[in-house]
Amino acid sequence: MTVLEVIQRSTDYLARKGVESARLQAELLLAHVLGRPRLQLYLEFERGLTGTELDRLRELVRRRAAREPLQYLLGTVNFCGLELAVTPAVLIPRPETECLAERAWTFLAGLGGGDAPPTALDFGTGSGCLAIALAVHCPGAQIVATDVSAAALEVARGNAARHGVEGRIQFRLGEGFAGLPLEARFDLIVANPPYIPSAEIARLQPEVRDHEPRVALDGGPDGLAVFRRLAAEGRAWLKPGGRLMTELGDGQAQSAAEVFDTAGWAGVTVENDWTNRPRMLIAERPAP
Ligand SMILES: C[S@@+](CC[C@H](N)C(=O)[O-])C[C@H]1O[C@@H](n2cnc3c(N)ncnc32)[C@H](O)[C@@H]1O
């Protein structure tokens with residue numbers, strides 16, 4: 001069977017199974033199997049596939065048709081220009097989170113003066129995407145990254161090593177702030193916490209609902225549980241003048257801002273992401 005025939009058959013099959021952008025997905029899976037950039041396939045339409053290549057592709061197409069996310073099948077994702085490994089132990093980093101990353105490293109890199117290096121806590125690091133982007137863009141910064149999932153931290157550690165920043169990120173296992181050394185204080189807390197209301201998870205796409213870690217999604221009955229936690233406990237971990245920056249779910253801007261206002265945070269603002277949706281909340285440590 002040729003490259004073109006395989007693409008056509010895989011596309012038809014994925015489309016029948018309700019997979020969106022079926023042709024693109026088929027091409028990406030085939031490019032992965034053949035170890036080539038996707039566009040190279042267009043120069044090789046008449047090339048025949050070996051039996052082994054066909055077997056590998058069939059298995060991946062079968063899994064994609066069962067709605068396993070493409071990124072878990074490919075094993076990597078690009079975040080802020082950094083290639084990161086992803087497994088089902090971690091949330092797949094999303095493009096909207098890149099906006100939070102950029103906002104966070106701009107703040108951290110702008111902290112001038114002082115002898116001490118800038119410090120940041122990545123709360124709920126998952127794949128390590130935020131911590132690693134901060135470390136790469138702020139070469140002097142020291143980062144602590146926490147997660148309640150040991151399996152996620154293993155992926156994050158591997159990603160940090162892949163980008164040569166493992167010496168500046170401490171990974172800490174723990175629920176909430178529990179894994180942190182008591183004396184730790186940060187210039188910045190950055191978080192992309194679970195924020196989907198529990199009852200909405202059943203209505204998500206199967207790729208998310210059935211394959212991404214529930215602990216990375218479930219924000220409690222109204223989706224705001226971890227925001228309340230960050231608002232109540234986060235200030236104790238910030239230096240004077242420190243900031244907390246968190247991603248928000250669609251439609252959560254007002255309620256999340258109320259949570260931080262009520263908890264006494266200063267300068268609570270909501271910022272838009274690159275698609276102009278209010279998806280980031282920034283707050284300053286309140287005076288003690
Ligand atoms: C939405 S994912 C974000 C992962 C990554 N920061 C990103 O942006 O792709 C949330 C992460 O927070 C972790 N998490 C959830 N609840 C937590 C808690 N109570 N304490 C610490 N980590 C938690 C999850 O294991 C998950 O890795």
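Residues numbered from 1 in each chain as written. Predicted model: local features only at pLDDT ≥ 70, side-chain atom pairs only at ≥ 80, totals over all residues. Heavy atoms only, no water.

A look at the overall build of the chain
Line of reasoning, step 1. When its secondary structure is counted, the chain shows ten helices and nine strands.
Line of reasoning, step 2. Along the longest, intermediate and shortest principal axes, the C-alpha atoms of the chain span 70 × 40 × 35 Å.
Line of reasoning, step 3. Considering the chain as a whole, with its 288 residues, one finds that 50% of them fall into the buried category.
Line of reasoning, step 4. Long-range pairs, those at least 24 residues apart, make up 66% of the contacts in the chain with a sequence separation of at least 6.
Line of reasoning, step 5. Just so you have it, the chain exposes about 13100 Å², and 53% of that area is on carbon and sulfur atoms.
Line of reasoning, step 6. A distance of 3 Å separates the average location of the 31 positive side-chain charges in the chain from that of its 36 negative side-chain charges. (Helix = DSSP H or I, 4+ residues; strand = E, 2+ residues; numbered from the N terminus. Buried < 20%, exposed > 50% of the residue type's maximum accessible area, 1.4 Å probe, protein only. Contact = heavy atoms within 4.5 Å. Areas by Shrake-Rupley, 256 points an atom, 1.4 Å probe, with all protein chains shown as cover. Lys, Arg positive; Asp, Glu negative; His and termini not counted. Charge placed at Lys NZ, Arg CZ, Asp CG, Glu CD.)

Notes on the domain arrangement of the chain
In many reports, interface size means the accessible area that the parts give up when they come together.
Line of reasoning, step 1. Under the domain assignment used here, the chain contains domain 1 (3–66) and domain 2 (90–284).
Line of reasoning, step 2. Taking the mean C-alpha position of each, domain 1 and domain 2 sit 36 Å from one another. (Domains from an automatic or database assignment.)

Structural notes on the sheet that holds strand β8 (residues 266–272)
Line of reasoning, step 1. Overall, mixed pairing links the seven strands, which are arranged β5-β4-β3-β6-β7-β9-β8 in an open sheet. Every interior strand has two partners, whereas the edge strands, β5 (169–173) and β8, have only one. Adjacent strand axes in the sheet meet at a mean angle of 15°, parallel and antiparallel pairs treated alike.
Line of reasoning, step 2. Along the sheet, helix α5 (residues 95–109) makes contact with β3 (119–123), β4 (142–147), β6 (186–191), β7 (238–247), β8 and β9 (278–284), crossing β7 at roughly 165°. (Pairing = 2+ DSSP bridges. Axes fitted to C-alpha atoms, helices over the stretch in contact; angles between N-to-C directions.)

Focus: the pattern of salt bridges
Line of reasoning, step 1. What the rule picks out here adds up to 24 salt bridges.
Line of reasoning, step 2. Here Glu212 and Arg94 are joined by a salt bridge, their closest N and O atoms 2.6 Å apart. On the criterion of sequence distance, the pair formed by Glu212 in the loop between α8 (206–209) and α9 (225–233) and Arg94 in the loop between β2 (82–85) and α5 is long-range, its members being 118 residues apart.
Line of reasoning, step 3. With a relative accessible area of 6%, Glu212 lands in the buried category.
Line of reasoning, step 4. The class of Arg94 is partly exposed, set by a relative accessible area of 23%.
Line of reasoning, step 5. The salt bridge involving Glu175 is made with Arg229; its shortest N-O contact spans 3.0 Å. Highlighted residues: Glu175 in the loop between β5 and β6 and Arg229 in helix α9, separated in sequence by 54 residues.
Line of reasoning, step 6. By relative accessible area, which is 46% here, Glu175 ends up partly exposed. (Salt bridge = Lys/Arg side-chain N within 4 Å of Asp/Glu carboxyl O.)

Looking at the site of the ligand
Line of reasoning, step 1. Neighbouring the ligand are 17 residues; Gly124, Asp147, Glu175, Gly176 and Asn192 lie closest to it.
Line of reasoning, step 2. In this structure, a nitrogen atom belonging to the ligand sits 2.7 Å away from a side-chain N or O atom of Glu175.
Line of reasoning, step 3. In this structure, Asn192 approaches the ligand through a side-chain N or O atom, which is 2.8 Å from an oxygen atom.
Line of reasoning, step 4. Starting from 590 Å² of accessible surface for the ligand in isolation, the protein chains cover 95%.
Line of reasoning, step 5. Each residue belonging to the shell around the ligand can be placed in one class, and the counts come to eight nonpolar, seven polar and two charged. (Near = heavy atom within 4 Å. Polar contact = N/O pair within 3.5 Å; in protein donor to acceptor, adjacent residues only side chain to side chain. Nonpolar A, V, L, I, M, F, W, Y, C, P; charged D, E, K, R; others polar.)

Structural notes on the packing of aromatic side chains
Any aromatic ring pair is given by two values, namely how distant the centres are and how the planes are angled relative to each other.
Line of reasoning, step 1. All told, the structure shown has five aromatic pairs when counted by the stated rule.
Line of reasoning, step 2. Ring centres of Phe177 and Trp237 lie 5.9 Å apart, and the angle between their planes is 5°; this geometry places the pair in the stacked category. Pair noted here: Phe177 is in the loop between β5 and β6 and Trp237 is in the loop between α9 and β7, with a separation of 60 residues, a long-range link. Per residue, the accessibility class of Phe177 equals that of Trp237, and both read buried.
Line of reasoning, step 3. Plain terms: the ring middles of Phe260 and Trp265 are 5.6 Å apart, the flat faces sit at 75° to each other, and that makes the pair edge-to-face.
Line of reasoning, step 4. We classify Phe260 as buried; its relative accessible area is 0%.
Line of reasoning, step 5. Trp265 gets classed as buried once you look at its relative accessible area, which sits at 5%. (Phe/Tyr/Trp six-rings, centres within 6.5 Å; stacked < 30°, edge-to-face > 60°.)

Examining the environment of Gly249
Line of reasoning, step 1. Tracing the sequence through the fold places Gly249 in the loop between β7 and α10 (253–262).
Line of reasoning, step 2. Remark: the alpha-carbon pair of Gly249 and Leu153, spanning 96 residues in sequence, is separated by 23 Å.
Line of reasoning, step 3. Discounting chain neighbours no more than four positions away, the residues touching Gly249 are Tyr195 and Arg279.

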